Amino acid sequence: MRYKRYEKMPEKVDKHILKNGMVLLGEPMESVESVAFGFMLPAGAARLPEGCCGASNIIADWIFRGAGSKNSRQLSDALDGLGLHRVSFVGGSHITIGAALEASNLTQSLELYADIILEPSLKEDQFELARQLAIDSVHALDDEPRQKVMLKLREQFYPPPLGRSTAGDIDELKVLTAGQTGQIVKSKFNLSQTIFTVAGKYDFNAVCRQMESLFPGSKTDAQQSAVFVQGKAGKYTHIDNEGAQVHIGLMTETVKPMDDDYYNARVAVSVLSGGMGARLFTEVREKRGLCYAIRARYHGLKEAAGIMCYAGTTPDKAQETLDVVIGEFERLGEGISEEEIDRAKVGLKSALILQSESSSSRAGAIGSDYYMLGRVRSLDEIKNKIEQITVDTILGFLRNNKFKEFTIVTIGPKQVTVK
Amino acid sequence: MEFKKKTLGNGLDLIGEVNRAAKSAAVGFFIKTGSRDETKQINGVSHFLEHMLFKGTEKLSAIEVNEAFDRTGAEFNAGTSWENTVYYAAVLPEYLEQVTKLWIELMRPALREEDFNLEKNVIKEEIAMYRDTPNFEVMDKCQSLYFEDHPCGNSVLGSVESVEGLTAEQMREYFTRRYAPNNIVFACAGNFDWDKICSVVESPCSQWQSQRAERKLGEAPGGKKKKRIEKANLVREHICLMSAGPSAQDEAKFAALLLGVIVGDSVGSRFYWELVDKALAEAAVTHCCPMDGVGVFYNNICCSPENVSAVLGIVEDIFQSLCESGIKEEELNKARNKVLSRLVLENELPMGRLSALGSNWIYLKQYRTIEDDIGAIKAVTVDDVNSLIKQLNLGESTQFSIGPAQSS
């Protein structure tokens, strides 16, 4: 069956740059009563100074422990009083803090977030608690091998410091001080490199006016807080754990989000693991019953990108699972049917529209677009790019970008042999 | 929003909520069956059967089913709980008919022996995966301890042994009894044409034979009891405390939902300030779970083994202070605002509406608008919550823990 035309998708993206350089982006959505907003602060794990791995995680907690004239409890009560559904996320490049809420409470929420960003109390006693929680959450990962394997995989795949653990390193967390961490907040919460996004029901003019008064000041001549990439890490890492399964993480290099071949890569990953009819699910689970959880996805940073795959299986099946997975990666370039490409494309396009109904997803997507590409892609643009992909373009792409090396991490009672 | 309803001659209820402003639609079959409808001998069959529905029909192979779903670009899945099995898809309006037809076909699966045997491996892998997920395992085991021989104590996944012992014949027999039209609700939400969707559903689904599909209710034993298991590879203590709560049919469930937020929301709750803010536990959350004729509160805590007795002491104090002094007005206001904004956010997506639509019909045979739920949450008073606390006795909880070997 052929792909049908979708209704026209929203094109409008609001944009304004504050005097201090902060970029404000907005995507209005009809027929929602909610709004979602996020501040992308350039203080992610990869931007930290050496020896401070985990500081971003502490900061994301510490800044909420009192700000402006409010102590920790008063601040939390004020946020809860507005019914905010809070979101905090520590990534490689940014700490993103924000919320989804009923649209009428946006103004008051932004006032509170301005205090959190500009005037966090950063009390020493609160630092100790935030640090202890960060240490505990790293320990807790030992009990969550499915999560840990993917964090470790990023660490092994990306050249340092890109893959640096967003959770943190116990030894470095233990010696971090409030002074050092406070200094990181000061230097990294750089407004001229901060991206603010809003999606849903809002009045952009009112938002701009309010933001201009909440975040005054002129653009600082701050150094571009770029990430300096070092050499590349190892190929196979095994972590022994007497659990029930071997958790396998595998990653291989591909093109970055701004590359011309980006959409070829996305559709190729979809052929591998877009839906239940995709190759990995079919070969690993449906035909062989090796796994319950098996999936691959595109993972892109500004500096590097990869295709990331997870499979969890009992020890006796681990080797066969890994061999079948790698076999499927290698087989991809040998041929893809029209029907497979059609399914992959419909899946990608539908996911795009379904996500466009959620204010939180849109607020996140426009921010990451702007950071990666320096502009926000309209849904129509993405849809058209996906539409242009054909069997020939993907096969051409795969010929020029062969999967050469696989970085592999396993956690479990048994190692695998990597050829 | 416009509500629609129709009942077929064989008892199948079709319900819908049309929202022309939505960009997508969501469709689902809600089967009133889960692990509480199993005997010990066939424990795990509901969940296994949910997997087997994707293995195809007399006409379609498993691989053809998967490809057919992918052609619609649907975000689809299924889930089995103690009492419901739900199959759903969110899809662009132009693919709704196609994906609905597919679900209808799948509701009469072939249950082939060779597919059954192959899928057994996948089920055993899923059981193994959850054994490596202690915060799930501790809830599952706590539920069994709390409910003892009450059927709600049956694990959803079953055990490796119970799944190993299952036969395709037992599954077919269970399917015939439980997937009867009078035990199923078909629901649709979002941007769709009701008459058109009815014309797709009516003719094939009218062929389904109704059956006697009953469920044993009965009191949950509950009570104060304690169990701990050790696993050498763990480093944290995972604790689940379960106590009685209102059922899905009980109006008090709205007060209970707010009480759960006051006690154990992930931020700003009593657990948060006493345990997480003070870095005694990295997670301490409460969930209120109203079920068919019974209801429970779960409290899930994760902390270091050294902090266990301090943490449990504080939890006891929190429960005691709630019993003695009740909640405060400002606590209720905060909880209410949080719940209301979550409600608005969830209901913006057709998928969120589908799930509310289906579960209200399954439990209450009632259509409730978002405004009905907002009204019910707004109407809860401090006295309502306090009298619920008195009635429930939160401290009377069943405790299950999983943690590393104790050094003593």
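This structure is a prediction, so every number in the text was calculated from the model and none was measured.

Calculation criteria
Residues numbered from 1 in each chain as written. Chains lettered and ligands numbered in written order. Predicted model: local features only at pLDDT ≥ 70, side-chain atom pairs only at ≥ 80, totals over all residues. Domains from an automatic or database assignment. Contact = placed C-beta atoms within 7 Å. Helix = DSSP H or I, 4+ residues; strand = E, 2+ residues; numbered from the N terminus. Nonpolar A, V, L, I, M, F, W, Y, C, P; charged D, E, K, R; others polar. Core = buried A, V, L, I, M, F, W, Y, C linked by C-beta atoms within 7 Å. Buried ≥ 20, exposed ≤ 12 C-beta atoms within 10 Å, placed from the backbone. Pairing = 2+ DSSP bridges. Axes fitted to C-alpha atoms, helices over the stretch in contact; angles between N-to-C directions. Parallel < 35°, antiparallel > 145°, perpendicular 65-115°, else oblique. Arc of directions from axis to C-beta.

### Overview of the domain arrangement of chain A
Many structure descriptions define interface size as the accessible area lost when the parts assemble.
Residue and element names in this part refer to chain A.
Alright, step 1. For chain A, the assigned domains read domain 1 (14–214) and domain 2 (236–412).
Alright, step 2. Facing the 31 residues of domain 1 at the interface are 27 residues of domain 2.
Alright, step 3. When contributions to the side of domain 1 that touches domain 2 are tallied by element, the ones reaching two or more residues are β2 (23–28), β3 (34–41), β5 (95–102), α5 (145–157) and β6 (195–200).
Alright, step 4. It is α5 that provides the largest number of residues to the side of domain 1 that touches domain 2, a total of nine residues.
Alright, step 5. By residue class, the composition of the side of domain 1 that touches domain 2 is 19 nonpolar, eight polar and four charged.

### Description of unusual backbone geometry
Alright, step 1. With an omega dihedral of 0 degrees, the bond running from P160(A) to P161(A) counts as a cis peptide bond.
Alright, step 2. Tracing the sequence through the fold places P161(A) in the loop between α5 and α6 (170–175).
Alright, step 3. Look at N393(B): it is not a glycine, yet its phi comes out positive at around 60 degrees.
Alright, step 4. If you trace the backbone, N393(B) turns up in the loop between α15 (382–392) and β11 (398–403).

### What about the nonpolar core?
Alright, step 1. By size, the foremost hydrophobic cluster in this structure holds 250 residues, and its most contacted members are V267(A), A89(B), A187(B), L258(B) and A281(B).
Alright, step 2. With nine residues, helix α9 (residues 253–264) of chain B is the single largest residue contributor to this core.
Alright, step 3. Residues within four places of V267(A) in sequence aside, it is in contact with I341(A), A344(A), K345(A), L348(A), I386(A), I389(A) and I394(A).

### Side note on the sheet that holds strand β1 (residues 14–17) of chain A
Residues and elements named next belong to chain A.
Alright, step 1. A sheet is described by the order of its strands in space; here six strands give the open sequence β1-β2-β6-β3-β5-β4, paired in mixed fashion. What marks the edges here is a single partner per strand, and that holds for β1 and β4 (85–90). On average, adjacent strands in this sheet sit at an angle of 15 degrees to one another, irrespective of strand direction.
Alright, step 2. Here β3 pairs with β6 via six bridges, running antiparallel. When the sheet's bridge partners are listed, G38 is paired in β6 with T197.
Alright, step 3. Relative to β2, helix α8 (residues 204–214) is tilted by about 160 degrees, and along the sheet it contacts β1, β2 and β6.

### Some details on the pairing of β11(B)
Residues and elements named next belong to chain B.
Alright, step 1. Where burial is concerned, most of β11 is hidden: six out of the six residues are buried.
Alright, step 2. On β11, burial covers both faces: T398, F400 and I402 on one face and Q399, S401 and G403 on the other are all buried.
Alright, step 3. Pairing geometry for strand β8 (residues 237–244) and β11, over five bridges, is antiparallel. In the strand pairing of β11, M242 is matched with T398.

### Topic: the domain arrangement of chain B
All names here are of chain B.
Alright, step 1. Domain assignment breaks chain B into domain 1 (2–205) and domain 2 (225–403).
Alright, step 2. The gap between the C-alpha centroids of domain 1 and domain 2 is 27 Å.
Alright, step 3. Each partner contributes residues to the interface: domain 1 has 32 residues there, and domain 2 has 27 residues.
Alright, step 4. Secondary-structure elements contributing two or more residues to the side of domain 1 that touches domain 2 are β2 (13–18), β3 (25–31), β5 (85–91), α5 (134–147) and β6 (184–190).
Alright, step 5. Among the elements that take part in the side of domain 1 that touches domain 2, α5 stands out by supplying 10 residues, more than any other.
Alright, step 6. Along the lines of polarity and charge, the residues of the side of domain 1 that touches domain 2 split into 20 nonpolar, six polar and six charged.

### Remarks on the pairing of β1(A)
Residue and element names in this part refer to chain A.
Alright, step 1. With four bridges joining them, β1 and β2 adopt antiparallel strand pairing. Along β2, the bridge assignment pairs I17 with V23.
Alright, step 2. Hairpin connection from β1 to β2: five residues lie between these consecutive antiparallel strands, with G21 at a positive phi of about 100 degrees.

### Remarks on the packing of α9(B) against helix α12 (residues 329–347) of chain B
Residues and elements named next belong to chain B.
Alright, step 1. One can describe the packing of α9 onto α12 by two numbers: an axis separation of 9 Å at closest approach and a directional angle of 110 degrees. Classified by the interaxial angle, the pair formed by α9 and α12 is roughly perpendicular. Each of L257, L258, V261 and I262 in α9 lies in contact with α12, whose residues at this interface are E331, L332, A335, R336, K338 and V339.
Alright, step 2. Split by residue class, the contact of α9 with α12 holds seven nonpolar, no polar and three charged.

### A look at helix α15 (residues 391–400) of chain A
Residue and element names in this part refer to chain A.
Alright, step 1. If you check which residues of α15 are buried, you get I394, F397 and L398. For α15, the angular spread of buried residues about the axis comes to 95 degrees, placing them on one side. Residues D392, R399 and N400 are exposed on α15 and point more than 90 degrees away from its buried face.
Alright, step 2. Where α15 is buried, its residues touch α9 (262–273), α11 (318–332) and α12 (338–355).

### Overview of the sheet that holds β6(B)
In a beta sheet, neighbouring strands are held together by backbone hydrogen bonds and run either parallel or antiparallel to one another.
Residues and elements named next belong to chain B.
Alright, step 1. The six strands lie next to each other as β1-β2-β6-β3-β5-β4, forming an open sheet whose pairing is mixed. The open sheet has two edge strands, β1 (2–7) and β4 (75–80), and neither has a second partner. Pairs of neighbouring strands in the sheet enclose a mean axial angle of 10 degrees, with direction left out of account.
Alright, step 2. Sheet topology places β1 next to β2; six bridges connect them, and they run antiparallel. Counterpart to K5 in the pairing with β2 is I15.
Alright, step 3. Contacting β3 and β5, helix α3 (residues 96–106) crosses the sheet at an angle of about 15 degrees to β3.

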